[in-house]
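Next come the chains, spelled out residue by residue.
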Amino acid sequence: MNNWSWQAHKDRPYLLGSLIFFFLALAPLMAEANWSPSLKGNKFLPSLFFVVNKDTQNLFLFSNQSPLKNLFQLPCTTGQIRGDKTREGDKKTPEGVYFLEKKITHNLDYFLYGGIAFTLNYPNPIDRLKGKTGHGIWIHGRGQEIQAFNTQGCVAVNLKDIPLVEKHIVFAQTPVIITKNFSWAPGPEKDQEAQILVKKIEAWAKNWRLKSKDFFSFYAPVAYIEGKKSFKLFQRQKERLFAAYPWIDVYLRDIKVVSGPDYKVTYFKQYFRSPGLTSTGIKRLYWQKQGQEWKISGEEWRNLPSKELEEKYLEERRKEIFNWLGKWVQSWQKGELKQYISFYHDRAKQGALVGKKRIYQHKKRLWANNPPKRVYLGDLEVSLHPEGFKISGIQEYESSKGYKDQGIKTLILVPSGLEFKILEENWKKIK
């Protein structure tokens, strides 16, 4: 008896250490299994989003217009088996953050689906990294009154409630939070982690514009990039594009942040430009913590043709161009030749002069005897151009010895990192 007792005490440190290690390893999984988010209104939440409470079998719609408001709740039904979905055919409803993608009305069994369904993007990138399988998880109607916990994994509502649900869907942009249970408060609160992620996204976009190798440091080594076999292939493709494109421009708008079980989803409208290529759409980035730092673990893209987004992009770049032009005009008016020539592309054309070097030599000779006194640009218009941007307006010029002229100035600018360079400059005298 004494020997047994002594041995138990002797092994206790080892057993205690093993138990601590075991529970630390299980902690993320336990947190995910017991995920019951607390939603609080903040400026980074979507303006509208759905929440499915699996415990109470209800579908909620929230409006985030400061404060957070519950617009309605409807009865719903979820998977026949409780818990988070992990594999195809397990009859469980997944838990996490998903997005409504498209509407289906053809070839649907009326008894099961009520003839209408809205698809969700299960499995999302985080699900895929975890090895979860299955597909065809929808929000749909039903040809009879719903019963609790009575689907193969989808979320079903009564057919009479489908029009109310559909009314508030913006496909590819409306998230659905599916959870065991949740709580909520009107807010507003300052979500510090959301603020950190927004700043990271801005830095991510900046490094993309700069074609910097630091762009890839924002990603986890095993990130799932939709449509790519591996992150390494994604990186190699990006590096080829960085080398091939003379410039890249990226504009982001309306960044939103939604929390999942062990990840956060950020999504935003994205306008991308490079010579010969323009795309607009919704970019989703899935973030997880690697140690103390957030890294992109997944990425999704949905094309979304948008003239409005192009107009917002041009409006934003117009402000930047006007600020940039002010510096160029100032360096010209002061006769600061080195500063002035730095605004030109190496292949720049200025009238009959071709090349930055020739422009520099010409201005050096000209300004040696008759430097500028006054330069004015007005009535400026900025438009998109295949090479970048086209600027046109009225130019008034006066030299220190009294020479004056007035004409129409036209500039072609190419993006250069976060600024611009003059590729072509033309002037026509006003008679």
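Cut-offs applied
Residues numbered from 1 in each chain as written. Predicted model: local features only at pLDDT ≥ 70, side-chain atom pairs only at ≥ 80, totals over all residues. Heavy atoms only, no water. Helix = DSSP H or I, 4+ residues; strand = E, 2+ residues; numbered from the N terminus. Expected span 1.5 Å × (residues − 1). Contact = heavy atoms within 4.5 Å. Pairing = 2+ DSSP bridges. Axes fitted to C-alpha atoms, helices over the stretch in contact; angles between N-to-C directions. Core = buried A, V, L, I, M, F, W, Y, C linked by side-chain atoms within 4.5 Å. Buried < 20%, exposed > 50% of the residue type's maximum accessible area, 1.4 Å probe, protein only. Salt bridge = Lys/Arg side-chain N within 4 Å of Asp/Glu carboxyl O. Disulfide = S-S within 2.5 Å.

1. A closer look at helix H6 (residues 231-244)
Part 1 of the reasoning: For H6, with 14 residues, the first-to-last C-alpha span of 20 Å sits near the 20 Å given by 1.5 Å per residue.
Part 2 of the reasoning: Check the buried side of H6 and you find it contacts helix H5 (192-209), strand E11 (219-225) and strand E15 (293-303).

2. Brief notes about the sheet that holds E11
Part 1 of the reasoning: Taken together, the five strands give an open sheet; going across it, the order is E11-E15-E14-E13-E12, and neighbouring strands pair in mixed fashion. The open sheet has two free edges, formed respectively by E11 and strand E12 (249-259), since each of these has just one partner strand. Across the sheet, the mean angle from the axis of one strand to that of its neighbour is 25 degrees, orientation sign disregarded.
Part 2 of the reasoning: Pairing of strand E14 (residues 277-290) with E15, which is carried by 10 bridges, proceeds in the antiparallel orientation. Bridge assignment links Arg 284 to a residue of E15, and that residue is Glu 300.

3. Some thoughts on the sheet that holds strand E16 (residues 344-350)
Part 1 of the reasoning: Pairing in this open sheet of six strands is mixed, and the strands run E17-E16-E21-E20-E19-E18 from one edge to the other. With one partner strand each, in any of the chains shown, strand E17 (353-354) and strand E18 (372-385) form the two edges of the open sheet.
Part 2 of the reasoning: In terms of strand pairing, strand E20 (residues 404-416) meets strand E21 (residues 419-429) through 10 bridges, oriented antiparallel. From the neighbouring strand, Leu 413 faces E21, where its bridge partner is Ile 422.
Part 3 of the reasoning: Contacting E16, E18, strand E19 (388-399), E20 and E21, helix H7 (residues 307-333) runs over the sheet at an angle of about 165 degrees to E18.
Part 4 of the reasoning: Sheet contacts for helix H9 (residues 356-369): E16, E17, E18 and E19; angle to E16, the most-contacted strand, approximately 65 degrees.

4. Thoughts on the nonpolar core
Part 1 of the reasoning: In this structure, Ile 321, Trp 328, Tyr 344, Phe 389, Ile 391 and Leu 413 are the most contacted members of the largest nonpolar core, which totals 30 residues.
Part 2 of the reasoning: Among the elements of the structure, H7, helix H8 (337-341), E16, H9, E18, E19, E20 and E21 are those that each provide at least two residues to this core.
Part 3 of the reasoning: The dominant element in this core, judged by the number of residues it contributes, is H7, at nine residues.
Part 4 of the reasoning: Counting residues in hydrophobic clusters, the runner-up holds 29 residues, among them Phe 216, Phe 231, Phe 268 and Leu 285.

5. Things to note about the pairing of E15
Part 1 of the reasoning: Within E15, eight of the 11 residues are buried, which leaves the element mostly enclosed by the surrounding structure.
Part 2 of the reasoning: Examined bridge by bridge, E11 and E15 share three bridges and lie parallel to one another. Pairing of Tyr 219 across the sheet is with Ile 296, part of E15.
Part 3 of the reasoning: Where E14 folds back onto E15 in an antiparallel hairpin, the turn is made up of two residues, including Gly 291, whose phi is positive at roughly 70 degrees.

6. Structural notes on the pattern of salt bridges
Part 1 of the reasoning: Counted under the stated rule, the structure contains 27 salt bridges.
Part 2 of the reasoning: Residue Asp 90 is joined to Lys 85 by a salt bridge in which the shortest nitrogen-to-oxygen separation is 3.0 Å.
Part 3 of the reasoning: Residue Lys 85 is classed as buried on the basis of its relative accessible area, which comes to 3%.
Part 4 of the reasoning: Taking the shortest distance from any N to any O, the salt bridge between Asp 161 and Lys 160 comes out at 3.4 Å.
Part 5 of the reasoning: The exposed category is assigned to Lys 160, whose relative accessible area is 65%.

7. A word on the state of the cysteines
Part 1 of the reasoning: For the coordinates displayed, the defined rule picks out zero disulfides.
Part 2 of the reasoning: No disulfide involves Cys 154; its nearest neighbouring cysteine sulfur is the one of Cys 76, lying 12 Å away.

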